[in-house]
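# Chains, contacts and geometry: an overview
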Amino acid sequence: MRWQMENERKGCTLCPRECGVFRQEGHKGACRTAGKGILAARAALHVWEEPCISGGQGSGAVFFSGCPLGCIYCQNREISRGQKGVEISEERLAEIFLELSAKGAANINLVTPTHYTPEILRAVRMARTKGLSLPIVYNCSGYEKPETLRSLEGTVDIYLTDFKYMDGEMARNYSRAADYPEIAKKALAEMVRQQGEPAFLPDGRMERGVIVRHLLLPGHVRNAKAVVKYVYETYGNQVYLSLMNQYTPLFPIPAYPNLNRRVTRREYGRLVDYALSLGVEQGFIQEGETAKKSFIPGFDGEGLM
């Protein structure tokens, strides 16, 4: 609570950008959001996560608008830039959690939640008092402050985190975050400290743990290998690795023409083979044609009003 009050008094420092903006007074922060409410774009059952997250019915995914990282190739660009969304209250967010639970959600999946951490914490507490018992999934970019993550201890059960870059120059070019590799290492260490060894329910759903995602970008197998090597050699079987080939060029990026194509089968195969050669056994790979626009949900305000 003290951490939350200090953050709100000094301006927003929830993410590593530490822009110090008073978003509740209407000023847009590095995450491109402002206002007293919570801007969200969709709340619905989502079946396209890892099997242990989606379960049989789907994960109860709440997509928040805005993003502190802001990658130039973002697959959810229309909401990550804060251009779409419905403003809701903390009380309404708590109700949404309960509604998703009633629909059979495997968990509550908070997608890009960092800049709404205090509001989410309060909403989860409200929902818990009304019977919410599902695991809470923190689905983030990996660009996280350990202090913010520590505030989630005891509330979040599963960290579903990206680890995008081991190359600082690449992180600078694509996400304006040359410090991403070191930030992500510290954030992951805090996530693993909180969750320890992964735990699963009898039906295969994850109950507690850390899953590290890496989205392979075209032309960047070397960076991907470096990510896998670091995560596996540092944490072994304490975390699950999820290697993704679903990158989809939704709009032209003239400055980086390599990003204007999909990942080839050969590129992805090289990454998977490398992971296996290291000894990775606990993880997920994608098969078939996943780089399709249809895998990106419609951000039409479903489930929010």
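As the structure is a computational prediction, the values presented were derived from the model and not from experiment. (Residues numbered from 1 in each chain as written. Predicted model: local features only at pLDDT ≥ 70, side-chain atom pairs only at ≥ 80, totals over all residues. Heavy atoms only, no water.)

## What to know about the state of the cysteines
Overall, the coordinates contain zero disulfides when judged by the stated rule. C12 supplies the cysteine sulfur nearest to C31, a cysteine that is in no disulfide, at a spacing of 6.1 Å. With a relative accessible area of 5%, C31 lands in the buried category. Its sulfur unpaired, C71 is 6.4 Å from the next cysteine sulfur, which belongs to C67. For C71, a relative accessible area of 9% corresponds to the buried category. (Disulfide = S-S within 2.5 Å. Buried < 20%, exposed > 50% of the residue type's maximum accessible area, 1.4 Å probe, protein only.)

## Re the layout of surface pockets
There is about 980 Å³ of room inside the largest pocket. Along the wall of the largest pocket there are 39 residues; nearest its centre are E49, N76, R213, M244 and Q246. The set of elements that each furnish at least two residues to the lining of the largest pocket consists of α3 (77-80), β5 (136-140), β8 (206-215), β9 (240-244) and β10 (283-285). (1 Å grid on protein atoms, 1.4 Å probe; cavity = no way out; pocket = protein on both sides within 12 Å on 5 of 7 lines; lining within 4 Å. Points joined across faces, edges and corners; volume = space filled by probe spheres on them. Helix = DSSP H or I, 4+ residues; strand = E, 2+ residues; numbered from the N terminus.)

## Quick word on the nonpolar core
Formed by 72 residues in total, the largest nonpolar core has its most connected members in F64, Y73, L93, F97, F163, Y180 and V231. In this structure Y73 touches K164, Y165, Y174, L215, L217, Y247, F251, I253 and L259, once residues within four positions along its chain are discounted. (Core = buried A, V, L, I, M, F, W, Y, C linked by side-chain atoms within 4.5 Å. Contact = heavy atoms within 4.5 Å.)

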